[in-house]
Amino acid sequence: MTRPRLGFFKFSCCAGCEFQTFYFQKHPAETLAAFEIVFAKMVLRGGAPEGPFDLALVEGTITEAWQADELKKIRKSSALLFAIGACAVNGGIPALKALAPELEVEGKVYKNLSPIHSIRPHPVDAYIQVDGYIRGCPPGERDLHEALTSVLAQKKPGFLRCAVCVECKLKGNICILTAYGMPCMGPVTNAGCDALCPTCKRPCYSCFGLMKQANAPALAKKFRSLGLSESDIRRKFTLFDADAALFSKADKLNED
Amino acid sequence: MYGNGMTGAPASRISDFLVPKASFFRWLDSLRESFSVVGPVAEEDRTVFREIASADELHMEYASTMLSPGKVYLYSPREDLFRISFGKDLTIEEPPRSPVQRIIAGIHACDTHAVFYLDRTFLGAFRDPLYENRRSNTMLIALNCSAASRNCFCSSMGAGPFLKAEKGYDMLLTDLEDAYLVEIRTERCRVLFNADATQSADAEVFRRKEEKERSALRTFTKTINTDGLDRALRENPEHPVWGRTADERCLSCANCVMVCPTCFCHDVVDELSMDMKTVRRYREWDACQDARFAEVHGGNFRARRTARLRQFVTHKLDQTHQYGVFGTVGCGRCITWCPTGIDLTEMAKAIQTRKA
Ligand code: SF4
Ligand code: SF4
Ligand code: SF4
Ligand code: SF4
C-alpha cells in the first residue's frame, strides 16, 4: 500500500502544532511510519514544498500577503488540506492584532515600518477551502488522531463539536463556573482538550475556539452577573477568536 | 419493570432493624473485604460518590451530588465495547466482564428511582450486557432524605424524599439521629447483614420514620404540578418560553444532560490505530444539546437551539409514552448545574398557566 504524501506548512504561529504532530502526541513514530513525509521542516531537511500532497496540514494565521499566495499554491497541489491549530482554524493569538488598527500595532513593535508588509490577520479558510479543522493550541490528542487515521482510512473525520463542559463532566470535575463562580469559557468552547484547564481548577480560556453552536451573548451575560467588566469579557471572547468574533464568522456564532 | 431479577430473589420475609450508627458503619466496613464500597465522601466543599477506604470517610448527611452514583457506577461515562483486529482473519475481542462486587451506600431516593429508569432502558427490550453485569454485581443501600436541597422536587414526582418502592434495591436506611432504621429488601442482603447491637424495629420506630418523612416534606421549596403535564407540553411546542429561554440563556453546553441521572444516551466511537490493524470501539455519554446529536445525512432534526432545549425538557416532562413514567425523578441537578440556572419546573409552569 502506498503511503499518503504529507506536507506540513507553517505561517504566523509558534510551530507548536508541527511539534505536537511529530514529537509530542502519543503516536509520533506511527505517524512518521504511516505517511510519506514530503515536506515538513521539523523532520525533513529540504523536501519538496511544491508537492503534490495527499494531505497538507497548515498551521498558522495568515498575516502577510505572500502567505496568502503561498497558501493558494498549497491548496492547488493538495488533495486534502486540513487547518491545524487555533491560529489556522480561528486566527488564534496572532489574530489579536485585529483588535487595533494595523498601523498602530506595527508601530508598537517595529521602529522602521518600511520592510513590514503585514495585513489583517485571518484564519486560513478566509483564503481557501478547507477540508478539516484540527482545533486546539496545540491540538488535542483525540482530534489529531482522528484526522490522521481518517485520511489513512479514507473516511470523513468525526471531530468533536460539543462544548468543553461535556468532556469536563465525563471526567466528573466539579464545575468551577457554577460551583465557584470562576469565569470559565467551557460552555462556549469546542471540546477536544479533555477539559484540561477545568480539571486543574483553572477556567477555560477557549484555546480551542468557540464551538459553532455557541451562545456567546448568553455566557457574556452570565460573566456580567459574576462582576466581570465589559473589557474583561471582550478579552475573554477575543483571546483566540478575535477574527471570528469580530468579523467574518460573527453570523455563524449565533445560530437562529 | 425494576427488579428484573437483577437483585436476587425477593426477601422471604421483610427484615426491619433498629441499628446504632456506629454498629452499622462497623458492619459496612467489614464488607470492604469482599466488596468495593462506594459512598458519599466530602471533598473540599462538595460531596462525591467514590470508593471508600474506611466507613469514617462517609458523609451521609450530604446534599445532592453533581453526578448520581447510578449513572457513574452502573452505567459508566465511557467504556470499551470491543476491539476488532484485522489480521489474516478478522477477530473481535470483548473486554472481560468486570468481576467487581460493589456496594453503593447512601444512594438517595430520587437516584434510586433514576436507577430504575436506567433499568428500563438497559434491561428492557434489549439487555445491555455491561450494565446487566454491573447491576447484578451491585447492592444498593438506599437512604431516605432528611431535607431537600434548593432545587429538589422529587416529592412532586413521587420519587422522594422517602423511597416507597419495595423492590429493585437491597436495603433502605432512615436516619433516626443516633441509629438507622434498616429495612432489608433482598435475600442476598439479609444473608449478609450481621451488624451487632441490632433490635428488631417495632411500631414506635416506624412512627418515628413517619415523623421524619413529614419533617423532610416540609423542607421542599420547589414543586411541579404533574396533572396533565405531559399533555400540556405536547400541545405547546411553539410556546414562547422555549425560544426565549433558548435564545437568552441556553448555552448548548449540555451540562443539564450530563448531570441528569436518567439521561441514557451515548455515542459509539471507533478509534482506528495508526497501522490500521485494530479498531477500538467504545461508548461515551452523548447529549442532545450538542447540535451534532440529531444530524443525519443531508440535514439535522434539531438544528435550532430551541428544538434541542425542548427535546431535553419534553423527554423529562412529556415523554411518558416511552416507559409509562415521567423521565424526571425531580433531583434538581439540571437546574443546579446549568450555568445560567435554567429551570424546567419554571418552564413547565409558564406553559401550564399559558403565560407568554
Ligand atoms: S468547569 Fe468549565 S468546562 Fe467544566 S463544566 Fe464547568 S463551565 Fe464547563
Ligand atoms: S480548557 Fe480551554 S483553554 Fe484549557 S486547553 Fe481546553 S480549550 Fe484550551
Ligand atoms: S445546562 Fe443550561 S445552558 Fe447548558 S445546555 Fe443545559 S439548559 Fe442549556
Ligand atoms: S431532568 Fe433534571 S431534575 Fe429531572 S432527573 Fe434529570 S437532572 Fe434531575
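None of the values given here were measured: they were computed from a predicted structure.

Trainee: What is the right way to look at the overall build of chain B in this model?
Mentor: Within chain B one finds 14 helices and 14 strands. In terms of C-alpha radius of gyration, chain B reaches 22 Å, essentially the compact-globule figure of 21 Å for 356 residues. Counting every position in chain B, which comprises 356 residues, the buried fraction comes to 57%. Contacts in chain B between residues far apart in sequence, at least 24 positions, make up 74% of those at least 6 positions apart. Per element, the accessible surface of chain B, about 15,300 Å² overall, is 50% carbon and sulfur. Side chains of chain B carry 48 positive and 49 negative charges; the gap between the two charge centres is 4 Å.

Trainee: I would appreciate a short explanation of the side chain of B:His239 in the present structure.
Mentor: All names here are of chain B. Take His 239: it is sitting in the loop between α8 (229-234) and α9 (240-248). Residue His 239 is classed as buried on the basis of its relative accessible area, which comes to 9%. Looking at His 239, its side chain comes within polar contact range of the main-chain oxygen of Ala 350, at 3.5 Å.

Trainee: Before we go on, may I ask you to explain the pairing of strand β2 (residues 36-43) of chain B in this structure?
Mentor: A regular strand carries its side chains on alternate faces of the sheet. Residues and elements named next belong to chain B. Counting buried residues along β2, six of its eight residues qualify, which places the element largely inside the surrounding structure. Bridging between β2 and strand β6 (residues 102-108) involves three bridges; their strand directions are parallel. Bridged to Ser 36 within β6 is Arg 102. Two strands pair when backbone bridges link them, and β2 and strand β3 (residues 46-51) are joined in this way by six bridges, in the antiparallel orientation.

Trainee: It is not clear to me how the domain arrangement of chain B should be interpreted in this structure. Could you clarify?
Mentor: The extent of an interface is frequently quoted as the accessible surface area lost upon association of the parts. Residue and element names in this part refer to chain B. When cut into domains, chain B gives domain 1 (15-76 + 95-217) and domain 2 (229-265 + 287-352). Taking the mean C-alpha position of each, domain 1 and domain 2 sit 28 Å from one another. Where domain 1 abuts domain 2, roughly 2,200 Å² becomes buried across the two surfaces, and 61% of that area is made up of carbon and sulfur atoms. When the area that domain 1 buries against domain 2 is broken down by residue, the three leading residues are Met 66, Tyr 117 and Phe 153, summing to 31%. Salt-bridge contacts for Arg 333 lead to Asp 111; the nearest nitrogen and oxygen are separated by 2.7 Å. At the boundary of domain 1 with domain 2, the tally comes to 13 residue pairs in polar contact (both at pLDDT 80 or more). Broken down by secondary-structure element, the contributors of at least two residues to the side of domain 1 that touches domain 2 are α2 (69-75), α3 (109-122) and α5 (154-157). Per-element accounting of the side of domain 1 that touches domain 2 gives the leading share, nine residues, to α3. Residue classes in the side of domain 1 that touches domain 2 are distributed as 13 nonpolar, six polar and four charged.

Trainee: Please clarify how the packing of aromatic side chains should be interpreted in this entry.
Mentor: Centre-to-centre distance and the angle between the planes together describe a pair of aromatic rings. Residue and element names in this part refer to chain B. A complete count under the given rule lists 21 aromatic pairs over all chains for this structure. Grouped by ring-pair contacts, the aromatic residues Phe 17, Phe 24, Phe 25, Trp 27, Tyr 180 and Phe 193 constitute a single cluster. Its end group placed over the ring of Tyr 180, Lys 21 keeps NZ or CZ at 5.1 Å from the ring centre. The positively charged end of Lys 71 is found above the aromatic ring belonging to Trp 285, 4.5 Å away from the centroid.

Rules used throughout
- Positions within a chain are numbered from 1, following the residues in the order the chain's sequence is written.
- Labels follow written order: the first chain is A, the first ligand is 1, and so on.
- Where totals are concerned, whole chains, interfaces and linings use all residues; where local detail is concerned, this predicted model gives features only for residues with pLDDT of at least 70, and gives and counts side-chain atom pairs only at 80 or more.
- The basis for the side-chain values is all heavy atoms of the structure; hydrogens and waters are excluded.
- Runs of E in the DSSP output that reach at least two residues are strands. Runs of H or I that reach at least four are helices, and both are numbered from the N terminus.
- As a reference, a globule follows 2.2 Å times the number of residues to the power 0.38, and the radius of gyration itself is taken over C-alpha atoms.
- Relative accessibility under 20% of the residue-type maximum defines a buried residue, over 50% an exposed one, and the middle range a partly exposed one, all with a 1.4 Å probe and only protein chains included.
- We call two residues contacting when some pair of their heavy atoms lies within 4.5 Å.
- Only the protein chains shown count as cover for residues, with accessible areas throughout obtained via the Shrake-Rupley method and a probe of 1.4 Å.
- His is not counted, nor are the chain ends; Lys and Arg add positive charge and Asp and Glu add negative charge.
- Just so you know, the charge point we use is NZ for Lys, CZ for Arg, CG for Asp and CD for Glu.
- Definition of a polar contact: a pair of N or O atoms within 3.5 Å, with one able to donate and the other able to accept a hydrogen when the atoms are protein atoms, and with sequence-neighbouring residues admitted only if both atoms are side-chain atoms.
- Pairing between strands is defined by DSSP: at least two bridges between the two strands are required.
- Here the limits of each domain have been adopted from an automatic or database domain assignment.
- Put simply, buried area is the surface a 1.4 Å probe can reach on two separate parts but cannot reach once they are joined, added for both.
- For this analysis, a salt bridge means a side-chain nitrogen from Lys or Arg found within 4 Å of a carboxyl oxygen belonging to Asp or Glu.
- Here the nonpolar group is Ala, Val, Leu, Ile, Met, Phe, Trp, Tyr, Cys and Pro; Asp, Glu, Lys and Arg are the charged ones; every other residue, Gly included, is treated as polar.
- Two aromatic rings from Phe, Tyr or Trp, using only the six-membered ring of Trp, form a pair when their centres are within 6.5 Å; if the ring planes differ by under 30 degrees the pair is stacked, by over 60 it is edge-to-face, and anything between is tilted.
- Placement of a positive charge over a ring is assigned whenever Lys NZ or Arg CZ falls within 6 Å of the ring centre and within 35 degrees of the normal to the ring plane.

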